[in-house]
Amino acid sequence: MATRKKTIAPQDASPADKPLHTVVSEKKPAKKAAVKKAAKKTTVTDTVKKTVKKAATKTTGSVQLNFQVKFHTVPGQNLLITGAHPLLGGNDVNKAVPMQYFNEECWTATLEWPADLDETVYYNYVLKTADGSVVIDWGKDKFFSLKGNKAVEIVLIDTWNHAGYYENTFYAEAFQDVLLKQHFTKVSVAMPKSYTHEFRVKSPLLAKGQTLCIAGAAPELNNWSVIDPVLLSREEGSEHYRVQLDLSKATFPVSYKYGVYDTGKKQFVTYEDGNNRILYVAAATDRKTIVNDGYAYLPSNTWRGAGIAIPVFSLRSHEGFGVGEFSDLKGLANWAEKVGLKMIQILPVNDTTATYSWKDSYPYAAISAFALHPIYMNLFAIAGEHHHKQVKKLEAERARLNALPVVDYEEVIRIKLQFIKEVYKDLGKQTLASAGFKTFFEQNTHWLKPYAVFCYLRNEYGTVNFSEWPAYNQYNSQETLVFFDESSPAYMDIAFHYFVQYHLHLQLKEATAYARSKGIIVKGDIAIGVYRYGADAWQHPDLFHMDFQAGAPPDDFAIKGQNWGFPTYNWQKMQQDGFAWWKQRFEQMKHYFDAFRIDHILGFFRIWSIPMDAVEGIMGHFVPAIPVQMHEFNQKGIWFDYDRYTQPFITDGVLWEVFGYDNELVKSMFLNPANMGSYTLKPEFATQRLVQAHFAGLEDDAHHRKIRQGLYDLISNVLLFDVDGSGQSFHFRFGIENTSSFRYLEWNTQQQLKEAYVEYFFRRQDDFWKKEALQKLPALKRVTSMVVCGEDLGLVPSCVPDVMKQLGLLSLEIQRMPKDPKKEFFHPNDAPYLSVVTPSTHDMSTVRGWWEQEKEKIQRFYNNDLGQWGEAPFYCEAWINKAIVVQHLYSPAMWSVFQLQDLMGINEGVRRSDPKEEQINIPANSNHYWQYRMHLDLEELQTANDFNEELAGLIVASGR
């Protein structure tokens, strides 16, 4: 059969998706004569022939393994083989087996393998570059086994699996065990008693009833006939389609292709895309050849799904206790199944109990990165028969709390904990003696025991600030052993936290398993930070920079930046044990979730780090970052005045701008006069923390708030931050153009500083930050089989999209937050396939809320992005909300995810009356009370037939 008309193979589909290295597929024939030319040129076959004599005289009791991988490298790059087996280095890249460069398309390696080692051995290829960076090919799809082997030599012909290939996502458990499970077709093909070649290939998106077949230029491949093609088999639990063939009579090289075959209709459907594949390694006595062809060249971006995003605490059910519970996820799953949604996305559900006040409602300030929050406990589920009566006694309180429009955090947690303690008195010992608990305890001891002690000490000493504890303020595992002695007076109080966590574990696991049974996956959320005074920081202070605060630079949603208060990570320390703490977090997520969102994934590239003496995020800078040296200013011809650039710029003019008629009061109370009409802050007010302390307790007074904010603004009125007080290295303050310090400079200096500022933030750091991310993210992604999404919002370095594509991480695309600075809005139709598109998130107003906030922007959006004529309606009418939802449903992105509020907005009968009540969080307010609840309960939502039918129709029509 002549070479098919050239079509584009998946790895060539998008230049933007090129991997970190060049992956070489089979050489594409130039014309019909290409196959003949291939037979004449030097190939790997020549090398294989030379090893036959070696094989005949090889070490008794061993098998020769001949590895070949199609790969293109550049000078300074090397390939190696790694695996868990000790002969492959025990997964230590430094002990990996080196390969030899053969030609521009191939690397090889030959190993003598003990013939009596018959276990299945998995391996991967490693790319090492001159600068020491390492890339490991993706997946667990390369393996061999000597069980039943009689061959003297085994040739393993492999294809590098680039992590960014779309197909890899579909081998995550979320797809294999849930979303694509109904598509699986078991195909069994009789294998010959004797064979020379085994072909393995993967294709995740075949329809139900389909399998792969193979045809080619050999009698054993039916000489390209597809009337009765050679079928490949696939067993449940296997990623590969495979077939074993005896090609001893074939003439090499052999050209071939894979195709799709419908087993129900017994009909050939189509060939894969791309040119013919070429096999050069001929059959030989005592040799087996395994051809691992990677993926069939078939469309890999056709699957699309839709999901719902809502915090667990926001769920409302008829029998609820004033807050959403893990058990309510079942009701949400029932509704999601009804309308055709395939994913439930939630916010973090970790324990945030620091003060027992409403301030603990902030779900991203977890006191443990592992423990679950007691507020999500369903009381009926833990109550025995005796306690069911006690639950009934709480009915009046339950009904009152459940009728509230928002969560009353303090009352709910108080009542729940009180009831759980009563149950624990009766059932605690019985539970702790159960086999189920013992298994849970064994799997979670590494965090559960320190967490339980932490909670006990928090309650004993009345604060989570462990630095203020009179004892145990520094964690010592030996010192805490006394608490785990069952004869200890504290033991039952310690074990209470075991009891709580075990039941929360059971309830969340049951709820997510139920969702999976409905064909719906659940996506969790990993917060970028941990609470400064939490169990993790107490147990592992060396993993954190406790003298800094994490946050985010200013943006349209928080003009002063954000200060989250979390300590920043000590990545260098974390790297020493292979990021064990992070891997444990990922493993914990796997107990419950099928996918997860990494909150602020930019933190793996660099984090916005704020000194402890600052209150506002504006006082931070990126860490790590390459600072600007003093001599660089001189080289650029920039006049440099240390005090002028690094100290608060305060003059009479500035004071009038900030304080108006209060400027004299401010001068007298907070400032000292300096030279030439300028001022300095008095030492007792020199930092924002000192100012904050001075005004503590006066926050309710508007005038005091104005003065305090004005002093914050004076303190942040600088252009540069001295890195270490040396006067030699500096970081630019973010947004210098917005400061009066900058405006008061002469024009030429402004332009010079502006150019240096742009170079510092947008060019200087990119390669550096890319290397930082590649030291962390690949290693972490390799330890999980879940779908990983990254929240890549904010000031996004230009290297971020490329790194996420290389690693196959799904990005987040929001209509109101375009990543292209030249665009006012992002259009969902422009989304990359590996992405999640959404019209809003919990950190912003809903579609309807936004429509009433920014009228000028709304008008442009209405005309330009919705394509409507005339003046935009004042309110976001249902048809407008619907049009925006439809835009996202028809996006090419793998996932379109919507807040429940935005979905309900398409229907006048179910939408909330006031859109201002729909926003979950206000990022600019660090003391925001997270208490949003659905206004309908899940039972009402399930029976909202008009809305459900309308939404289901939109989802079906969009192909999701």
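Residues numbered from 1 in each chain as written. Predicted model: local features only at pLDDT ≥ 70, side-chain atom pairs only at ≥ 80, totals over all residues. Heavy atoms only, no water.

Trainee: Residue-level account of the overall build of the protein, with values.
Mentor: Scanning the protein for helices and strands turns up 30 helices and 36 strands. Over its C-alpha trace the protein gives a radius of gyration of 31 Å, about what one expects of a compact globule, namely 30 Å for 960 residues. Principal-axis analysis of the C-alpha atoms gives the protein an extent of 100 × 80 × 70 Å. Of all 960 residues assigned to the protein, the portion counted as buried reaches 57%. When the accessible area of the protein is evaluated, it comes to approximately 40,800 Å², of which 52% is carbon and sulfur surface. Within the protein, the 111 negative side-chain charges are centred at a point lying 9 Å from the centre of the 103 positive side-chain charges. (Helix = DSSP H or I, 4+ residues; strand = E, 2+ residues; numbered from the N terminus. Rg over C-alpha atoms; globule rule 2.2 N^0.38 Å. Buried < 20%, exposed > 50% of the residue type's maximum accessible area, 1.4 Å probe, protein only. Areas by Shrake-Rupley, 256 points an atom, 1.4 Å probe, with all protein chains shown as cover. Lys, Arg positive; Asp, Glu negative; His and termini not counted. Charge placed at Lys NZ, Arg CZ, Asp CG, Glu CD.)

Trainee: Account for the pairing of strand 17 (residues 287-295), naming residues and giving values.
Mentor: Where burial is concerned, most of strand 17 is hidden: 8 out of the 9 residues are buried. Two elements, strand 9 (residues 153-159) and strand 17, share 5 bridges in a ladder whose sense is parallel. The partner of Glu-153 across the bridge, within strand 17, is Arg-287. Relative to strand 17, strand 10 (residues 197-202) runs parallel, the two being bridged by 5 bridges. Its bridge partner being in strand 17, Phe-199 is matched across the sheet by Val-291. (Pairing = 2+ DSSP bridges.)

Trainee: Give me helix 22 (residues 747-762): which residues, what numbers.
Mentor: Its 16 residues place the ends of helix 22 22 Å apart at the C-alpha level, agreeing with the 22 Å of an ideal helix rising 1.5 Å per residue. Looking at helix 22, one finds that the buried residues are Thr-749, Gln-750, Gln-752, Leu-753, Ala-756, Tyr-757, Tyr-760 and Phe-761. Taken around the axis of helix 22, the buried residues stretch over an arc of 165°, which confines them to a single face. Exposed and facing more than 90 degrees away from the buried side of helix 22 are Trp-747 and Glu-755. Capping the start of helix 22, Glu-746 holds a side-chain oxygen 3.0 Å from the backbone nitrogen of Asn-748, two or three residues further along. (Expected span 1.5 Å × (residues − 1). Arc of directions from axis to C-beta. Polar contact = N/O pair within 3.5 Å; in protein donor to acceptor, adjacent residues only side chain to side chain.)

Trainee: Describe the pattern of salt bridges, with residues and values.
Mentor: Scanning the entire structure with this criterion turns up 44 salt bridges. Two residues, Glu-759 and Arg-764, come together in a salt bridge whose shortest N-O distance is 3.4 Å. Linking Arg-860 and Glu-824 is a salt bridge whose minimum nitrogen-to-oxygen distance equals 2.5 Å. Remark: Glu-824 occurs in the loop between strand 34 (811-814) and strand 35 (835-838) and Arg-860 occurs in helix 26 (residues 855-865); sequence separation between them is 36 residues. One continuous salt-bridge network, built from bridges that share partners, spans Asp-137, Asp-141, Lys-142, Lys-202 and Glu-239. (Salt bridge = Lys/Arg side-chain N within 4 Å of Asp/Glu carboxyl O.)

Trainee: Can you break down the nonpolar core residue by residue, with the values?
Mentor: Residues Trp-335, Trp-581, Trp-582, Leu-711, Phe-732 and Phe-947 are the most contacted members of the largest nonpolar core, which totals 189 residues. Among the elements that make up this core, the one with the highest residue count is helix 11 (residues 491-517) (12 residues). The residues contacting Leu-711, other than those within four sequence positions of it, are Phe-659, Val-666, Phe-670, Leu-681, Val-691 and Phe-695. Phe-175, Cys-789, Leu-812 and Leu-834 belong to the second largest nonpolar core, which has 27 residues in total. (Core = buried A, V, L, I, M, F, W, Y, C linked by side-chain atoms within 4.5 Å. Contact = heavy atoms within 4.5 Å.)

Trainee: Summarise the confidence of the model for the protein; cite the residues concerned and give the values.
Mentor: On average, residues of the protein score 91 in pLDDT, and 94% of them reach the 70 mark or higher. The low-confidence segment residues 1-42 (pLDDT under 50) makes 75 contacts with residues lying over four places distant or belonging to another chain. Here residues 47-58 scores under 50 on pLDDT; set against residues more than four positions off or in separate chains, the count is 17 contacts. (pLDDT = per-residue confidence, 0-100.)

Trainee: Pulling in residues and values, what's your account of unusual backbone geometry?
Mentor: Backbone torsion omega between Phe-252 and Pro-253 reads 0°, so that peptide bond is classified as cis. Here the residue pair Val-623 and Pro-624 is connected by a cis peptide bond, since its omega of -5° sits within 30 degrees of zero. Its place among the elements puts Pro-624 in the loop between strand 27 (621-623) and strand 28 (628-629). We note that Asn-222 has phi near 60°; this positive angle belongs to a residue other than glycine. Within the secondary structure layout, Asn-222 lies in the loop between strand 11 (210-216) and strand 12 (230-231). Residue class for Asn-222 comes out partly exposed when judged on its relative accessible area of 28%.

Trainee: Describe the sheet that holds strand 35, with residues and values.
Mentor: Pairing is parallel across the open sheet formed by 8 strands, whose spatial order is 33-25-20-19-18-36-35-34. One side of each edge strand has no neighbouring strand; the edge strands of this open sheet are strand 33 (787-790) and strand 34. Taken pair by pair, the neighbouring strands of this sheet meet at an average axis angle of 25°, ignoring direction. In this structure, strand 19 (residues 343-345) lies alongside strand 20 (residues 521-526), joined through 3 bridges in parallel fashion. If you follow Met-343 over to strand 20, its bridge partner there is Ile-521. Across the sheet, helix 14 (residues 580-590) is in contact with strand 20 and strand 25 (595-598); its angle to strand 20 comes to roughly 150°. (Axes fitted to C-alpha atoms, helices over the stretch in contact; angles between N-to-C directions.)

Trainee: Give a detailed account of the sheet that holds strand 32 (residues 729-732), specifying residues and quantitative values.
Mentor: Pairing in this open sheet of 3 strands is antiparallel, and the strands run 28-32-31 from one edge to the other. The sheet terminates laterally at strand 28 and strand 31 (720-722), the two strands that pair on one side only. As defined by bridge partners, strand 28 adjoins strand 32 across 2 bridges and the pair is classed as antiparallel. Bridging from a neighbouring strand, Gln-629 pairs with Ser-729 of strand 32. With respect to the sheet, helix 22 is in contact with strand 28 and strand 32, its orientation differing from that of strand 32 by roughly 90°.

Trainee: Please provide a residue-by-residue account of the packing of helix 7 (residues 385-393) against helix 9 (residues 409-432), values included.
Mentor: The description of two helices packed together rests on the angle between their axes and the distance between the axes. Orientation of helix 7 relative to helix 9, taken along the N-to-C sense of each, is 160°, at an axis distance of 11 Å. The pairing of helix 7 with helix 9 is recorded here as roughly antiparallel in orientation. The hand of the helix 7/helix 9 crossing is right-handed. Seen from helix 7, the contacting residues are His-386, His-387, Gln-390 and Val-391; seen from helix 9, they are Phe-419, Glu-422, Val-423 and Asp-426. (Parallel < 35°, antiparallel > 145°, perpendicular 65-115°, else oblique. Left-handed = near helix turned anticlockwise from the far one by under 90°.)

Trainee: Any chance you could break down the packing of aromatic side chains for me, citing the residues and the numbers?
Mentor: Within a pair of aromatic rings, the relevant descriptors are the distance that separates the centres and the angle that separates the planes. Per the counting criterion, the structure on display carries 88 aromatic pairs. Consider the rings of Trp-582 and Phe-586, whose centres lie 6.3 Å apart with planes at 85°: the pair is edge-to-face. Placement of the pair is Trp-582 and Phe-586 together in helix 14, with a separation of 4 residues, close to one helical turn. A relative accessible area of 3% means that Phe-586 is categorised as buried. Sitting above the plane of the Tyr-297 ring, Arg-277 keeps its charged end 4.5 Å from the centroid. The lysine or arginine in question, Arg-585, covers the ring of Trp-582, its NZ or CZ lying 4.8 Å from the ring centre. (Phe/Tyr/Trp six-rings, centres within 6.5 Å; stacked < 30°, edge-to-face > 60°. Lys NZ or Arg CZ within 6 Å of the ring centre and 35° of its normal.)

Trainee: Tell me what's going on with helix 26, and back it up with residues and numbers.
Mentor: All buried positions along helix 26 are accounted for by Ile-858, Phe-861, Tyr-862 and Asp-865. In a view along the axis of helix 26, the buried residues occupy a sector of 115°, so they form one face of it. Along helix 26, exposed side chains directed more than 90 degrees from the buried face belong to Glu-856 and Asn-864. Close packing links the buried residues of helix 26 with helix 25 (847-851) and helix 27 (878-889). Looking one or two residues beyond helix 26, the residue adopting positive phi is Gly-867, at roughly 70°.

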